[in-house]
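One letter stands for each residue in the lines below.
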Amino acid sequence: MARLLSHVVGLLGIGWFWLLGLCGAAVLHFGTAILRLDSFFPSPQALDFSSYYGAAWALRLGQSPYAWSSELLAFLAERQQLAWTPPVHNSPPLWPFLLQPVTLFPFPTSATLWLLALLLIVLYSHYLLMGMAGYRGWKAYALSLPFTITFGPLFLNLTLGQNGVFLLLGALLLGEAVKRVKPSRYSDLLAVGLWVVAVGAKIFPLLWVGAFLLLKRWQLFASAMVVGVALFGFTILAAPSLAADYWLGFLPNQSGNFSAQIGIDDQSLGGFLSRVGRSTQSTFLGLSLSDSHMVSWEFPWNFSAQAIHSFSLVLLFLLGVWLAFAWLRSRRAEPEAVVYGLVLFTLLPFPHMERYNHILALPALAWLWGRGGGYRHLAVVGYGLFGLSRLNHFWAAFLPSPLGPIATGFGLFGVLLLLVGLSLAIHRKVLPLTEPDSTPHSPQWAADRPGG
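Residues numbered from 1 in each chain as written. Predicted model: local features only at pLDDT ≥ 70, side-chain atom pairs only at ≥ 80, totals over all residues. Heavy atoms only, no water.

Peer 1: Can you break down the overall build of the protein chain residue by residue, with the values?
Peer 2: Of the regular secondary structure elements, the protein chain holds 21 helices and two strands. A compact globule built from 452 residues would reach a C-alpha radius of gyration of about 22 Å, and the protein chain, at 22 Å, matches this within 12%. For the protein chain, the C-alpha atoms occupy an extent of roughly 65 × 55 × 45 Å along the three principal directions. Buried positions account for 52% of the 452 residues belonging to the protein chain. Taking the intrachain contacts of the protein chain between residues at least 6 apart in sequence as the baseline, contacts between residues at least 24 apart amount to 77%. By element, 68% of the accessible surface of the protein chain is carried by carbon and sulfur atoms, the whole surface being about 20700 Å². (Helix = DSSP H or I, 4+ residues; strand = E, 2+ residues; numbered from the N terminus. Rg over C-alpha atoms; globule rule 2.2 N^0.38 Å. Buried < 20%, exposed > 50% of the residue type's maximum accessible area, 1.4 Å probe, protein only. Contact = heavy atoms within 4.5 Å. Areas by Shrake-Rupley, 256 points an atom, 1.4 Å probe, with all protein chains shown as cover.)

Peer 1: Residues and numbers for the pattern of salt bridges, please.
Peer 2: Counted under the stated rule, the structure contains four salt bridges. Between Arg 371 and Glu 334 there is a salt bridge; the shortest N-O distance is 3.1 Å. Of this pair, Arg 371 sits in helix 17 (residues 362-371) while Glu 334 sits in the loop between helix 15 (305-329) and helix 16 (335-345), and the two are 37 residues apart along the sequence. On the basis of relative accessible area, Arg 371 is assigned to the partly exposed category, the value being 24%. (Salt bridge = Lys/Arg side-chain N within 4 Å of Asp/Glu carboxyl O.)

Peer 1: Please provide a residue-by-residue account of the packing of aromatic side chains, values included.
Peer 2: Applying the stated criterion to the full structure yields 30 aromatic pairs. Each ring, one from Phe 272 and one from Phe 413, has its centre 5.4 Å from the other, and the planes form 85°; the classification is edge-to-face. Placement of the pair is Phe 272 in helix 14 (residues 269-277) and Phe 413 in helix 21 (residues 410-426), with a sequence separation of 141 residues. The exposure class of Phe 413 is partly exposed, given its relative accessible area of 26%. Ring geometry for Phe 299 and Trp 301: centres 5.1 Å apart, planes at 20°, overall stacked. Given the relative accessible area of 10%, Phe 299 is considered buried. (Phe/Tyr/Trp six-rings, centres within 6.5 Å; stacked < 30°, edge-to-face > 60°.)

Peer 1: For a nonpolar patch on the surface, give the residues involved together with the corresponding values.
Peer 2: A contiguous nonpolar patch, built from Val 314, Phe 317, Leu 318, Val 321 and Phe 325 and spanning about 500 Å² of accessible area, is present on the exposed surface. Mapped onto the fold, Val 321 is located in helix 15. (Patch = residues over 30% accessible without salt bridge, like charges linked within 9 Å, V, L, I, M, F, W, Y side chains within 5 Å.)

Peer 1: How would you explain the side chain of His 377 if you had to name every residue and give the values?
Peer 2: On the secondary structure map, His 377 appears in helix 18 (residues 374-389). Among the residues examined, His 377 registers a relative accessible area of 7% and is labelled buried. Among the polar contacts made by the side chain of His 377, one reaches the side chain of Trp 18 at a distance of 3.2 Å. (Polar contact = N/O pair within 3.5 Å; in protein donor to acceptor, adjacent residues only side chain to side chain.)

Peer 1: Can you break down helix 17 residue by residue, with the values?
Peer 2: Each full turn of the α-helix corresponds to 3.6 residues, which orients residues three or four apart in the same direction. Burial runs high along helix 17: nine of the 10 residues are buried. Along helix 17, the residues that are buried comprise Leu 362, Pro 363, Ala 364, Leu 365, Ala 366, Trp 367, Leu 368, Trp 369 and Gly 370.

Peer 1: Any chance you could break down unusual backbone geometry for me, citing the residues and the numbers?
Peer 2: The step from Phe 41 to Pro 42 runs through a cis peptide bond, and the omega angle for that step is 0°. Structurally, Pro 42 can be placed in the loop between helix 2 (15-35) and helix 3 (47-60). Cis rather than trans, the peptide bond between Ser 401 and Pro 402 has omega equal to 5°. Mapping Pro 402 onto the fold places it in the loop between helix 19 (392-398) and helix 20 (403-407). For Ala 46, which is not glycine, the phi torsion reads 45° and is therefore positive. Relative to the helices and strands, Ala 46 resides in the loop between helix 2 and helix 3. With a relative accessible area of 3%, Ala 46 lands in the buried category. At Gln 81, a position not held by glycine, the phi torsion is positive, near 60°. Here Gln 81 is to be found in the loop between helix 4 (70-79) and helix 5 (94-98).

Peer 1: Give me the lowdown on the packing of helix 16 against helix 17, citing residues and values where you can.
Peer 2: For any two helices packed against each other, the geometry is given by the interaxial angle and the distance between the axes. The N-to-C vectors of helix 16 and helix 17 enclose an angle of 140°; their axes lie 9 Å apart at closest approach. For the element pair helix 16 / helix 17, the angle class is oblique. Note that helix 16 runs across helix 17; the crossing there is left-handed. Where helix 16 approaches helix 17, its residues Glu 336, Ala 337, Tyr 340 and Leu 344 are matched on the opposing element by Pro 363, Ala 364 and Trp 367. (Axes fitted to C-alpha atoms, helices over the stretch in contact; angles between N-to-C directions. Parallel < 35°, antiparallel > 145°, perpendicular 65-115°, else oblique. Left-handed = near helix turned anticlockwise from the far one by under 90°.)

Peer 1: Lay out the environment of Pro 106 with the relevant residues and their values.
Peer 2: Inspection of the secondary structure assignment puts Pro 106 in the loop between helix 5 and helix 6 (107-133). As for Pro 106 and Pro 252, which are separated by 146 residues in sequence, their C-alpha atoms are 33 Å apart. The residues contacting Pro 106, other than those within four sequence positions of it, are Tyr 53, Gln 80 and Gln 81.

Peer 1: With reference to specific residues and values, describe helix 14.
Peer 2: In terms of residue burial, helix 14 counts as a mostly covered element, since nine of its nine residues are buried. When we look at burial in helix 14, the residues that qualify are Leu 269, Gly 270, Gly 271, Phe 272, Leu 273, Ser 274, Arg 275, Val 276 and Gly 277. Elements that come into contact with the buried residues of helix 14 comprise strand 2 (292-297), helix 15, helix 20 and helix 21.

Here it is as structure tokens:
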């Protein structure tokens with residue numbers, strides 16, 4: 001056993017202390033995943049996918065997916081075996097257009113096929129992540145796969161049927177696209193296409209195209225604009241009233257609602273500051289989905305909502321300026337790090353940034369791991385913070401103020417930590433907490449160089 005553990009330590013190159021921390025974080029991710037396995041049986045519950053399914057049917061029946069009609073709900077319940085009222089559909093009209101194939105089957109069948117499709121995307125994404133982390137070969141792929149699948153935000157996507165897996169693959173393909181010295185027509189088109197799908201699912205990935213401007217990848221930028229305008233333009237021409245309903249009515253109203261009603265799972269910077277900046281009450285589900293909790297957090301301070309909003313904007317501006325200068329100085333050396341950094345930054349400004357969106361931290365975690373040395377330590381800490389974020393409702397229910405509100409920001413802390421790590425790495429800084437990694441890797445497991 002001791003020899004096996006020593007081999008693992010040598011393989012990972014992180015030392016005993018950090019291996020212990022990695023194991024503790026893995027217990028959080030694996031344990032919370034096991035607790036949610038019942039959401040897949042007897043068929044996937046896929047609460048958020050039911051919203052996509054309902055929206056696709058609404059579009060097919062000539063109705064708006066942004067206000068469920070009683071006729072549509074009755075049709076879904078009686079004819080399509082959807083046993084609950086779907087959540088509000090938040091995606092742009094492009095998303096229900098893309099999901100028309102799911103209406104070919106009753107909901108339980110579509111939910112199962114959707115889960116299988118997500119798992120296939122996860123398998124390919126894991127392959128890309130392992131290459132970034134510096135490992136190759138089927139043994140490394142197989143042994144590390146449980147860590148990817150049980151990663152808290154990713155597993156939450158699977159249990160809810162969320163579309164974050166598409167965003168993950170889109171971010172990875174964009175990173176691969178900017179890393180190539182010579183353009184690849186088909187690979188670049190695939191990356192741009194997945195980016196448009198990501199925008200159609202969530203909107204905020206629209207900002208990722210800014211990486212092409214920072215990196216002066218004009219051809220990629222032009223391709224993204226052409227494909228994006230074509231697909232979104234198609235939805236406007238095909239359903240002009242639906243497009244107007246979303247862009248001029250639903251989206252502004254829903255954005256206002258998200259900004260005014262900050263939940264404990266909102267991992268945006270403004271959402272976190274709202275929870276720690278003023279006294280508040282929150283109601284949320286407990287460890288069991290059938291239970292609910294209400295907590296009241298009282299502080300000796302009580303800043304106004306406007307003051308908190310203004311302060312968060314100032315912090316975001318300062319952080320954005322610092323990151324932009326860091327990226328511009330080293331964009332030629334580490335172009336994919338610029339993409340993954342911008343992806344992480346877009347998780348900070350917008351309200352209703354739920355924990356499942358932190359699936360987008362995986363590229364940064366894998367990339368930092370591939371740098372070796374102290375950056376692996378940062379990756380372990382980040383991995384642990386996202387594991388602690390998995391227990392968000394536990395912290396909120398049982399920790400007193402101010403510990404409870406602060407603990408609800410573990411996911412946000414993970415994003416900020418990875419942003420700092422990426423910025424240090426692209427300047428090729430050697431972290432003071434460790435020496436550069438010199439641990440030899442097994443040739444069957446490791447790529448030729450860290451991050452290779």
